[in-house]
Amino acid sequence: MTLLSPRTALRRTAGGLAAAGLIAAGSLAVGAPARAEVPALTLGGPAGTAVHPYPETGGPQRSSLGLTVHNPDADPENGGYEGDVTYTLDLSGIAGVAELLPAEDSGSDCEITGDTAVCHDHGVLPGLSSLPDFDLTAARGSRDGASGTIRVTGSADGVTFTPFSTKVTVGGPDLVMKPLPFERRLVPGDVQPAPVTFTNEGTTAADGVLLTLMYTRGLEIPERYANCEYDGEAGEDPFEDFVWATALCSVPGSYEPGATYTLAEPLSVEATGRAYYDTFVYRVDEDSAAQRTARRAGAPFTRGTGPELALKKVTASARSADLDPSDNQQEADFRTVNTANFVAVGGRADGAAGETVTADIGFRNDGPAWIGYIRSGEPVATFDFTVPEGAEVTRKPDGCQGVTAEGTYRESLTAAPRYVCDTSTTVRDGAEISFPFELRITEVVPGAEGAVRIRNTWLADPDLPFDPEPADNTASLVLNGPGPETTGGTTAAGASTGGRDGGTAGEDGPAPGTPGASSGVGTTGITGTSGAASLVASGGLASTGSAALTASVAAATVLAAGCVLYVTTRRHVRRV
């Protein structure tokens, strides 16, 4: 982990990995939490760090030591500690074993004197943050297998620190995963063998290995091995937007340095009927209870009932002192020829002048594919709503922004003629997404219609590239239309529903962005509030409660399993 700028609280959080979900190297250990009656910060880092043996010629190779500090404050805006902080590393335990050096180009305010390293900083943000980075090398004259301990403490006015210790060992196993020659362009139903292969390029044998296999919603591993645990099908719960599935396979044995191992029988990776953009991640670590716990990250796993997954030695290779945990993992991205039909869902509302109604409009994905841009982190689509004549928006979903009637930037903070809302980075097959707007009827205009559209994020290029049926991308919100009234919720027509069911709709706000560009807003706080508008036009949304999407990165899963977990609450609408 790297210090972004010295003597500042603006640190990179350890959980901030890319939406693609790269697995962090090594497992992290965190000390026991201190007492809660005073502000308590917890120091942590890798449970153990291996360093390259001291070479016979040339200089020693560096290994990184990433230390962390955890501030349990839950308020990302107003929380955090703002005073001066001092971190001290006691290096007496690694004397004759290893040497600590400032990381190259770290720019940190640290000084190493004898058996002590001292770093000064200011402030600790809420959550998990990085300390200044250090490097480790083997000490001259150290022997292979020698080990020692670094103890880390912290001090600051008005807070306590839980200390942390990490073990440093000279030499060790270094498991290097080999890339597989996958075909990346697929059609639904394609099945490819995945003969996972790795080499131990370290100096000692690995005592058992743990294979971690992660795959997004459009992929499947058909086999279920007895020595593997599975956390279920990616996104199998229709109320959740978790798009990764994980298999953890423990394979006992001694895996010798210099040897290459592969699966005795290759497992399979299948592109299912919902595949579009998908990723398969395969990783190897030395097996341990701590590794398995970190990979599970509290998620429920079920053991397979088939034959056991086994490994066999392939070749012997020259021994290499490449003790680099970053090469334990490989990834493959797939593009499957498939489509997804996004259907706009309009509605109807009735009310007298001066009354406020809720228009529960949105869209759904009729599949067959799920769409996820987890590599880029970009929204899948933009929801575009034009306000009907005779009404003005008094409350909108958080994350939506007002624009001009032409869809371009608008400075005014109030009642815009048009609103755009970006979706999240994933939209599951079968998902139903609701964007509730509150509208005050300023003038009764019988049959006034406002356009409801799901489109590409670029205004100048509105067609969705994966949708072969653009005709149903548009629907209407009708105010005071002819015919008998029907309702899609539990509130009578014309009633002001506000933001019930825990809704977090916000007042109209500024509309940052540039004309013709992506609206650039996220989906935080968009809810499925029941209201007076009935769902008409292209079809209705499910009325099973409301849902608010929360993008959450569970620290253990992200650091150890590299995925972004999307968690939803079961309320009105299934959404992503």
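Residues numbered from 1 in each chain as written. Predicted model: local features only at pLDDT ≥ 70, side-chain atom pairs only at ≥ 80, totals over all residues. Heavy atoms only, no water.

Student: What should I look at first to understand the environment of isoleucine 221 in this one?
Tutor: Here isoleucine 221 is to be found in the loop between strand E20 (219-220) and strand E21 (228-230). Between the alpha carbons of isoleucine 221 and alanine 194 there is a distance of 9.7 Å; along the sequence they are 27 residues apart. Setting aside chain neighbours within four positions, we find isoleucine 221 in contact with Leu213, Tyr215, Ser268 and Phe280. (Helix = DSSP H or I, 4+ residues; strand = E, 2+ residues; numbered from the N terminus. Contact = heavy atoms within 4.5 Å.)

Student: Sorry, what's going on with the state of the cysteines here?
Tutor: Two cysteines form a disulfide when their sulfur atoms are joined by a covalent bond. Taken as a whole, this structure holds three disulfides when the rule is applied. The disulfide bridge from cysteine 400 ends at cysteine 421, spanning 2.0 Å between sulfur atoms. Taking the torsion about the S-S bond as the criterion, the cysteine 400 to cysteine 421 disulfide, at about 110°, is right-handed. Of this pair, cysteine 400 sits in strand E35 (residues 400-403) while cysteine 421 sits in strand E36 (residues 418-422); the two residues are 21 residues apart in sequence, bridging distant segments of the chain. By relative accessible area, cysteine 400 is classed as buried at 3%. When the bonded cysteines of the protein are counted from the start of the sequence, the pairing works out to 1-2, 3-4, 5-6. (Disulfide = S-S within 2.5 Å. Buried < 20%, exposed > 50% of the residue type's maximum accessible area, 1.4 Å probe, protein only.)

Student: Explain the environment of aspartate 90 here, please?
Tutor: As for its position among the elements, aspartate 90 is in strand E6 (residues 81-90). The sequence separation of aspartate 90 and serine 165 amounts to 75 residues, and the corresponding C-alpha distance is 9.4 Å. Dropping the residues within four chain positions of it, aspartate 90 is found in contact with Asp115, Thr149, Ile150 and Arg151. Of note is the side chain of aspartate 90, whose polar atom sits 2.8 Å from the side chain of serine 92. (Polar contact = N/O pair within 3.5 Å; in protein donor to acceptor, adjacent residues only side chain to side chain.)

Student: Before we go on, may I ask you to explain the confidence of the model for the protein in this structure?
Tutor: A low pLDDT means the predicted coordinates there should not be read in detail. Of the residues in the protein, 72% reach a pLDDT of 70 or more, and the chain-wide mean stands at 78. Across residues 1-37, where pLDDT falls below 50, the model places 114 contacts with residues more than four positions away in sequence or in other chains. Overall, residues 484-576 carries pLDDT values under 50, and its contacts beyond four positions in sequence, including any with other chains, amount to 296 contacts. (pLDDT = per-residue confidence, 0-100.)

Student: Mind showing me how you'd approach the sheet that holds strand E40 (residues 474-479) here?
Tutor: Sheet strands associate in pairs through backbone hydrogen bonding, adopting either a parallel or an antiparallel arrangement. On the basis of which strands lie adjacent, the open sheet formed by six strands has the order E30-E40-E39-E33-E36-E35 and mixed pairing. Sheet topology places strand E30 (347-349) and E35 at the edges, where each strand pairs with a single neighbour. Each strand of the sheet is rotated relative to its neighbour by a mean of 20°, with strand direction disregarded. For strand E33 (residues 382-386) and E36, the ladder comprises five bridges, and the chain directions are antiparallel. Each residue of the ladder has a partner; that of phenylalanine 383, found in E36, is cysteine 421. (Pairing = 2+ DSSP bridges. Axes fitted to C-alpha atoms, helices over the stretch in contact; angles between N-to-C directions.)

Student: Honestly, the pairing of strand E11 (residues 134-138) in this entry has me stumped. Any pointers?
Tutor: Along E11, five of the five residues are buried, which leaves the element largely enclosed by surrounding structure. Across the two faces of E11 the burial is the same, with Phe134, Leu136 and Ala138 and Asp135 and Thr137 all buried. Two elements, strand E4 (residues 63-65) and E11, share three bridges in a ladder whose sense is antiparallel. Across the sheet, the residue bridging to leucine 65 is phenylalanine 134, located in E11. Sheet topology note: the strand E7 (residues 98-102)/E11 ladder contains five bridges and is antiparallel. Residue pairing in the sheet places leucine 101 in a bridge with aspartate 135 of E11.

Student: What am I meant to see in the packing of aromatic side chains here?
Tutor: Given two aromatic rings, one states the distance between the centres and the angle between the planes to describe the pair. Counted by the stated rule, this structure contains 17 aromatic pairs. An angle of 75° between the planes, with centres 5.4 Å apart, marks the rings of phenylalanine 182 and phenylalanine 334 as edge-to-face. In this pair, phenylalanine 182 is assigned in the loop between strand E15 (175-177) and strand E16 (185-186) and phenylalanine 334 in strand E28 (residues 329-336), connecting sequence segments 152 residues apart. On the basis of relative accessible area, phenylalanine 334 is assigned to the buried category, the value being 3%. (Phe/Tyr/Trp six-rings, centres within 6.5 Å; stacked < 30°, edge-to-face > 60°.)

Student: What is the right way to read the nonpolar core from this model?
Tutor: Note that soluble globular proteins tend to have their nonpolar side chains buried in a common cluster. Judged by nonpolar contacts, the single largest core of 37 residues is most densely connected at Phe182, Phe198, Val209, Leu211, Leu213, Tyr255 and Phe280. Put simply, the parts of the chain that give this core at least two residues each are E15, strand E19 (206-216), E21, strand E22 (244-255), strand E23 (259-263), strand E24 (267-271), strand E25 (277-286) and E28. Setting aside residues up to four positions removed in sequence, phenylalanine 198 forms contacts with Leu175, Val176, Met177, Lys178, Val209, Tyr255, Ala259, Thr260, Tyr261, Val284 and Leu311. (Core = buried A, V, L, I, M, F, W, Y, C linked by side-chain atoms within 4.5 Å.)

Student: Could you clarify how one ought to interpret helix H1 (residues 289-296) in this entry?
Tutor: In an α-helix, one turn spans 3.6 residues; hence positions three or four apart end up facing the same way. Taken as a whole, H1 has its buried residues at Gln291, Ala294 and Arg295. One side of H1 carries all its buried residues, which in axial view fall inside an arc of 100°. (Arc of directions from axis to C-beta.)

Student: Looking at this model, I keep getting lost on the side chain of aspartate 135. Mind explaining?
Tutor: Take aspartate 135: it is sitting in strand E11. With relative accessibility at 10%, the residue aspartate 135 sits in the buried group. At a separation of 2.9 Å, a polar atom in the side chain of aspartate 135 contacts the side chain of arginine 62. Contact partners of aspartate 135, with chain neighbours within four places excluded, come to Arg62, Ser63, Ser64, Glu99, Leu100, Leu101, Pro102, Ala103 and Glu104.

Student: How do you make sense of the sheet that holds strand E9 (residues 116-124) when you look at a structure like this?
Tutor: Pairing is mixed in the open sheet, where six strands are placed in the order E3-E14-E12-E6-E9-E8. Two strands in the sheet have a free side with no partner beyond their single neighbour: strand E3 (48-51) and strand E8 (110-113). Across this sheet, the average inter-strand angle for adjacent strands is 20°, counted without regard to direction. Pairing between E6 and strand E12 (residues 147-155): five bridges, direction antiparallel. Bridging from a neighbouring strand, tyrosine 87 pairs with glycine 154 of E12.

Student: Explanation requested: unusual backbone geometry in the structure shown.
Tutor: Comment: phi is negative for the bulk of residues other than glycine, and the bulk of peptide bonds are trans. The amide bond that connects glycine 367 to the next residue, proline 368, takes the cis arrangement and shows omega of 5°. Here proline 368 shows up in strand E31 (residues 356-368). Unusually for a residue other than glycine, asparagine 480 sits at a positive phi of about 55°.

Student: I'm lost on the pattern of salt bridges in this one. Help?
Tutor: Oppositely charged side chains may form a pair once their charged atoms are brought near each other. Evaluation of the coordinates by the stated rule reveals 13 salt bridges. The shortest N-O distance in the salt bridge between arginine 62 and aspartate 135 comes to 2.9 Å. You can see arginine 62 sitting in the loop between E3 and E4 and its partner aspartate 135 sitting in strand E11, a full 73 residues away along the chain. With its nearest N and O atoms 3.1 Å apart, the salt bridge here joins aspartate 333 to arginine 375. Of this pair, aspartate 333 sits in strand E28 while arginine 375 sits in the loop between strand E32 (371-372) and E33; the two residues are 42 residues apart in sequence, bridging distant segments of the chain. On the basis of relative accessibility, which here comes to 32%, the residue aspartate 333 falls in the partly exposed class. Among the charged side chains, a network of salt bridges with common partners joins Glu331, Asp333 and Arg375. (Salt bridge = Lys/Arg side-chain N within 4 Å of Asp/Glu carboxyl O.)

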